[in-house]
Amino acid sequence: MTTRKEYLLQLEDQIEPFDLFFASNLENQLQIQNDSLFFLFLHLAFAYRNGVVFIEQSEDGIFPVLFKNDDLNALISEGFLELQKCSHPFCVFEENRLYLQKAHADLKAIEFHEKRLRASLPSHTFGNIEQKIEDLEQKNQLLPEQLLAIKKGLTKTLFAISGGPGTGKTHTAGFFLSIVLENIKEQNFRIALTAPTGKAVHNLFKSLKRAISNFVSFDDYVDVKTIHGLLEKGFSRFHKKVTRSQYFDYDLIVVDESSMIDAHMLQEFLSKVPNGARVLFLGDPHQLPPVEPGDVFHLLLNDENFHQKLTKCMRFDGRGLITLSQSVCTKDVQGVFSHFFQGDSIHFYDFEGFEYEERKKMIVDKIDDFIFRLGEALIKTDSPEEFFTVSQRFKFLAPFRHGTLGCNNINEYTMQKLQDILPKKYRTFMPILVTKNDFELGITNGEVGLCYVNDEKRKEVLFEDAKSSGFRQIPLSLISEYEEAYCLSVHKSQGSEFENVFLLFPEESIAFGSRMLYTAITRAKKKLEIISSATTIKNTIERT
């Protein structure tokens, strides 16, 4: 019989210290030592950390299947039945599903506010919608599914548009906003553009401003904030005296990158939306689940009356990358590998079967080549602003922060190699990623800036300014938590796109499943390079 210690040794590449701490504490609450319950709690902790808010028992066993060990999964099933016989202060059972109490409360709150908002009538109506849709149809600027999204969305308070890259989610939202703005010129109408990260908000604002460039007063109607910013402040710039406990002071909120929103954030957000206000969610449900627990975007897609899925690709550039991502999404392994060897936009460096030294040389050579191309582009820049812009066209991505092919190691290596390439004046320049919100400074977790030494020998950080389309500067000494950003984790890269992406995808990446690979691929706009093994790619695609 396998002991607890032996099972844990088998799982050491999957579980984190947090999972062990979590499982031990839940077991201690019952004041008994029971292996089936311990591994049930470990499974729950692992699932929770990876965005899954419940585990389920069925005739086929435990879902989701996270551990590839039949004996262990059978033991976890025993624990599931065992726990149903007693009560636990931090766990909730509902219809053969086991939740943490906090996660269950968040889901119930989401369900309540979703029903409340769907049942409420919009405070503002927009006249003859059929005529407006007909006018758009005659202009031949939208596909039928996009027209349908606008038509349905204009009559609802809560609506979602989903789709993969290139399907025109933001393009459709732009025409949606055009109709709104055409009909509220004489009204005190307030709009918020938001997303989970600062970069995603910046991209949303730029895209929508392009889409409705005929409205020169667009800036007067909108606030541009992260969701954290909305929740922290609790009020808009239109009414400064509204307190944090009250509803949002907006008539329309457009939310991008909705798949990144976790359960607790969504319930907080929905609880502050007043009846009659409109919320338009945009997102891709196939991307990675949120970093925090609760993969809940799909809950907003459960009724076609309040949701429109976009399926047709509108982009002509990068089409190979889009069809590659679609093959990953549909688990078409053969289709994925066929894309790896077509055209100049996708390169797959396969180290399958290589001996250690041979594999190491291949990896180093490919990384060096990417750094050299980055350095060549940076040499041609004339200012910190231009350096920052160019540096964001090239990005290493990795599933992990630690390890040989982790973000920390690649960032350090890139900085060292660039010292030999860049002129002296640029050797102190370093892209950084903010890792903690600071609402006083107006920076958010996930926002990228450029650290450099100015003419007064002080370290400053340049950030893009969403509203002005320019830059703003903040002294580095005021930024409490950040990390280097030549290489980003795939999770942290969500909400951003880069012209050239180099993905480091070691065997351990399989544990994250196909959504990790899909998300990484969809960060590339023009060129994607992947270094991995064929077996790793195949097993990742096939894993749920």
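Scroll up a little and you will see the structure.
Quantities reported herein were computed from a predicted structural model and do not represent experimental measurements.

A.B. asks: Explain the side chain of Ser258 residue by residue, including any values.
C.D. replies: Here Ser258 shows up in the loop between β8 (252–255) and α12 (263–271). Of the residues examined, Ser258 reaches a relative accessible area of 1% and is grouped as buried. Among the polar contacts made by the side chain of Ser258, one reaches the main-chain carbonyl oxygen of Val255 at a distance of 3.4 Å. Non-local contacts of Ser258, meaning those with residues more than four positions away in its chain, are made with Phe281, Leu282, Gly283 and Phe297.

A.B. asks: Let's hear about the nonpolar core: which residues, and what values?
C.D. replies: Judged by nonpolar contacts, the single largest core of 72 residues is most densely connected at Phe340, Phe396, Leu504 and Ile537. Ignoring sequence-local partners within four residues, the contact set of Phe396 consists of Ile367, Phe370, Ile371, Ile410, Thr414, Tyr486, Cys487, Leu488, Phe502 and Leu504. In this structure, Leu11, Leu40, Val53 and Val255 belong to the second largest nonpolar core, which totals 61 residues.

A.B. asks: Please provide a residue-by-residue account of the sheet that holds strand β18 (residues 487–489), values included.
C.D. replies: Spatially, β11-β20-β19-β12-β18 is the arrangement adopted by the five strands of the open sheet, whose pairing is parallel. The strands lining the two open edges of the sheet, one partner per strand, are β11 (346–350) and β18. In this sheet, neighbouring strand axes are inclined to one another by 25° on average, regardless of whether the strands run parallel or antiparallel. In the sheet, strand β12 (residues 394–398) pairs with strand β19 (residues 498–504) via four bridges, with the strands oriented parallel. Bridge assignment links Leu397 to a residue of β19, and that residue is Leu503. Set on the sheet, helix α15 (residues 356–379) makes contact with β11, β12, β19 and β20 (524–532); between it and β12 the angle comes to about 150°.

A.B. asks: Describe the side chain of Ser327, naming the residues involved and giving the relevant values.
C.D. replies: Tracing the chain through its elements places Ser327 in helix α13 (residues 319–329). When sequence neighbours within four positions are dropped, the list of residues in contact with Ser327 reads Asp332, Gly335, Val336 and His339.

A.B. asks: Go over empty space enclosed by the protein, please, and point to the residues and values.
C.D. replies: Going through the model one piece at a time under the given rule, you end up with two cavities of 30 Å³ or more. Space inside the second largest cavity adds up to approximately 40 Å³. Lys199, Gln392, Gly446, Val448, Leu488, Lys492, Ser496 and Phe498 are the residues that line the second largest cavity. When grouped by side-chain class, the residues that make up the lining of the second largest cavity number three nonpolar, three polar and two charged.

A.B. asks: Mind laying out the packing of aromatic side chains, listing which residues take part and the relevant values?
C.D. replies: A complete count under the given rule lists 22 aromatic pairs for this structure. Centre to centre, the rings of Phe400 and Phe512 are 5.3 Å apart; their planes meet at 55°, and the pair counts as tilted. Of the two residues, Phe400 sits in the loop between β12 and α17 (407–419) while Phe512 sits in the loop between β19 and α19 (514–521), which places them 112 residues apart along the sequence. For Phe512, a relative accessible area of 26% corresponds to the partly exposed category. Here the aromatic residues Tyr349, Phe370, Phe394, Phe396 and Phe502 are joined through ring pairs into a cluster of three or more. Over the aromatic face of Phe306 sits the side chain of Lys156, whose NZ or CZ is 5.6 Å from the ring centroid.

A.B. asks: Lay out α19 with the relevant residues and their values.
C.D. replies: Within α19, seven of the eight residues are buried, which leaves the element mostly enclosed by the surrounding structure. Residues of α19 that are buried include every one of Ser514, Met516, Leu517, Tyr518, Thr519, Ala520 and Ile521, and no others. Buried-residue contacts for α19 involve α13, β12, α18 (490–493), β19, β20 and α20 (534–542).

A.B. asks: Please give an account of the pattern of salt bridges that cites residues and values.
C.D. replies: All chains considered together, the criterion is met by 18 salt bridges. One salt bridge in this structure joins Lys538 and Glu542, with 3.1 Å as the shortest N-O distance. With a gap of four residues between them, Lys538 and Glu542 both fall in helix α20, about one helical turn apart. The class of Lys538 is partly exposed, set by a relative accessible area of 36%. The network of salt bridges with shared partners includes Glu94, Lys108, Glu111 and Lys115.

The rules behind each value
Residues numbered from 1 in each chain as written. Predicted model: local features only at pLDDT ≥ 70, side-chain atom pairs only at ≥ 80, totals over all residues. Heavy atoms only, no water. Helix = DSSP H or I, 4+ residues; strand = E, 2+ residues; numbered from the N terminus. Buried < 20%, exposed > 50% of the residue type's maximum accessible area, 1.4 Å probe, protein only. Polar contact = N/O pair within 3.5 Å; in protein donor to acceptor, adjacent residues only side chain to side chain. Contact = heavy atoms within 4.5 Å. Core = buried A, V, L, I, M, F, W, Y, C linked by side-chain atoms within 4.5 Å. Pairing = 2+ DSSP bridges. Axes fitted to C-alpha atoms, helices over the stretch in contact; angles between N-to-C directions. 1 Å grid on protein atoms, 1.4 Å probe; cavity = no way out; pocket = protein on both sides within 12 Å on 5 of 7 lines; lining within 4 Å. Points joined across faces, edges and corners; volume = space filled by probe spheres on them. Nonpolar A, V, L, I, M, F, W, Y, C, P; charged D, E, K, R; others polar. Phe/Tyr/Trp six-rings, centres within 6.5 Å; stacked < 30°, edge-to-face > 60°. Lys NZ or Arg CZ within 6 Å of the ring centre and 35° of its normal. Salt bridge = Lys/Arg side-chain N within 4 Å of Asp/Glu carboxyl O.

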